[in-house]
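Here's the letter readout for the chains.
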Amino acid sequence: MVINHFPNMVAKIKSAFTWVQANYMACFFAIFVGIVMLAPQIIFIIESGDLYQGIYILESDAEVHYLARIKEFVDGNGPGNPYIYDFKNNVPTTFFTYSEWILALPSIALGVSVPNMNLIYKFILPALLSLIIYWFLIRLEFKKGYALAGVSMIMFGNAMFYPESLSAFLRLDPIFTQFSLFARPVNPELSSIFFFVYLHILLSSLQQKSWKWIIALGILFGTTFYIYFYTFTFLIALNVTFIGILSISKQYSQALKISTATFIGFLIGVPVINELIQLNSHPYFIELSRALSVTNSRLPVIGITHIILYIIFLIYFKKTEKTPQLYLLLAVFTAGFVATNQQIITGRVMHEGHYLWYFISPIVCVIFLTIIQAFLKKRWKIISNTLIFSLIITPILFSIFTQYSSYKYWVKEYQSHQVYGPILAWINENTPQESVIMANDALSNLIPIYTGANVVWQRYADTYLMEFNRLYLNPERLLENDLISDYRLDYLIWDKEINADWTIPKSGLDLLFKNDRFEIYSIANK
């Protein structure tokens, strides 16, 4: 049996090498994407020299939160609150996702720390995603130049299309404080891979009659329930929209297939749906909804630019031969309007920006390039080549400037954070797993990532269910109101330079460690 399969394996390997040779520019570009995403951290490590204690700049949006969640899985816990021990696993979790568990697997198997794996992911995942997007665009019958332009616009230019960002870039005004979007761990680094692979399989299911693609589509759809809330809800909008489009165009067999895949996906996603129902009915949810900016409204969200491009695409769609690729683009573009306006039906407004950043903006880039390529086909070759070059280079320059601006903003602060390195090492060596530690904001960001301990408070803690009187109970409030003995606390770390105004109780604490800047106490009365 192995011998019979060996020739097929060799043929597939040869086919892969042939593809790489034919698309070597895309492969080099993918490597370049990974380098750009990783570069600020490597530069920081090199520039910091002997000062560096393993703490690099963690300032992609919500980066400290995602890394803390990955560390929870490494420590053998689940998707619950990674910060507050009392509400870790005894209430429904806001983020019932296992994408962090996937990213935790190498750390679990190989013992590589979460921060070090994050550096590896910053290179590998954006590079892999770039190749997946490029391949998808080629399958949409893009020429190679336009496909590379699409990858560049999606991976590098996501924020470039906002007037304020574009204006700052053109003026070389370093206003950016967050690194490029696809340097952000988990979402979109990993979730976007699932999204574009889903589009690949969806396209295959349209082009081929085999039901294996429908089954694969259903399984992947169900899997996204455990990857990212905004991914599976967008795919619900996409599937429902596509079923409607196919039915209107009297492609009933295709509509039935997508319906079957959707049904399979919902069956797989039942545990997540159940968790969401429990979350929404929980008495603590009212406070949580405020932290998550969930409001009640049925007002539509309409972007004029998207409407104009949508109308242009509809005109193009009407005049063009109807291919599976074209139907897919129409469905995905339409799904963007459905997803961002789900509140018209549900009455509950969520953060529609997540749909915009991770799904709508990439598809808008694809739609724009589809129209441009069709318009310039077989005419104005010089203009076409110039435009392709501009659409590749400009997003690259924008992303490099964003990375530079963010790096300059944070470099001094994170060099000052290196003083926490020995403290984190002390925690790992001297405290039991799942200890609860009181520390300032900067150290509370790092403790759940670099150690197995919990903290009293952290700025993302309010995105999980907890009772009202525990919300925002940070160290300052605990100390001011003499509440240390009212909650589980095991250790107190006092940064005498940053928190000189803290009044440390004289009783109930045992001094374990002291130097010129820090004092660490164990708390006897809990």
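None of the values given here were measured: they were computed from a predicted structure.

Engineer: Lay out the pairing of strand β5 (residues 491-495) with the relevant residues and their values.
Structural biologist: Note on strand geometry: in a regular strand, side chains alternate between the two faces of the sheet. In terms of burial, β5 is a largely internal element, five of the five residues being buried. Burial of the side chains of β5 extends over both faces: Tyr491, Ile493 and Asp495 are buried on one face and Leu492 and Trp494 on the other. Bridging between β5 and strand β7 (residues 518-523) involves five bridges; their strand directions are antiparallel. Of the residues in β7, the one forming a bridge with Asp495 is Phe518.

Engineer: Can you tell me about the layout of surface pockets, naming the residues and giving the values?
Structural biologist: Space inside the second largest pocket adds up to approximately 650 Å³. Lining the second largest pocket are 28 residues, and of these Thr305, His306, Leu356, Ser361 and Val364 lie nearest its centre. Breaking the lining of the second largest pocket down by element, the ones donating at least two residues are α14 (304-319), α15 (324-340) and α17 (353-376). Broken down by element, the residue count for the lining of the second largest pocket peaks at nine residues, all from α17. For the lining of the second largest pocket, the class distribution of residues is 18 nonpolar, nine polar and one charged.

Engineer: Requested: an account of helix α5 (residues 114-139), with residues and values cited.
Structural biologist: Compared with the 38 Å implied by 1.5 Å per residue over 26 residues, the 36 Å span of α5 between its first and last C-alpha is a close match. Along α5, the helix axis deviates most sharply at Tyr121, where the bend reaches about 35 degrees.

Engineer: Account for unusual backbone geometry, naming residues and giving values.
Structural biologist: Cis peptide bonds are those with omega within 30 degrees of zero, and the linkage from Asn187 to Pro188 qualifies with 15 degrees. In this fold, Pro188 is placed in the loop between α7 (163-170) and α8 (191-207). In this structure, Ala62 is a non-glycine residue whose phi angle is positive, near 60 degrees. Structurally, Ala62 can be placed in the loop between α2 (24-48) and α3 (63-74). For Ala62, a relative accessible area of 9% gives the class buried. Phi is positive for Lys250, close to 65 degrees, though the residue is something other than glycine. Inspection of the secondary structure assignment puts Lys250 in the loop between α10 (229-248) and α11 (252-268).

Definitions and cut-offs
- Residues numbered from 1 in each chain as written.
- Predicted model: local features only at pLDDT ≥ 70, side-chain atom pairs only at ≥ 80, totals over all residues.
- Heavy atoms only, no water.
- Buried < 20%, exposed > 50% of the residue type's maximum accessible area, 1.4 Å probe, protein only.
- Helix = DSSP H or I, 4+ residues; strand = E, 2+ residues; numbered from the N terminus.
- Pairing = 2+ DSSP bridges.
- 1 Å grid on protein atoms, 1.4 Å probe; cavity = no way out; pocket = protein on both sides within 12 Å on 5 of 7 lines; lining within 4 Å.
- Points joined across faces, edges and corners; volume = space filled by probe spheres on them.
- Nonpolar A, V, L, I, M, F, W, Y, C, P; charged D, E, K, R; others polar.
- Expected span 1.5 Å × (residues − 1).
- Bend = angle between axes of the 7 residues up to and from the residue.

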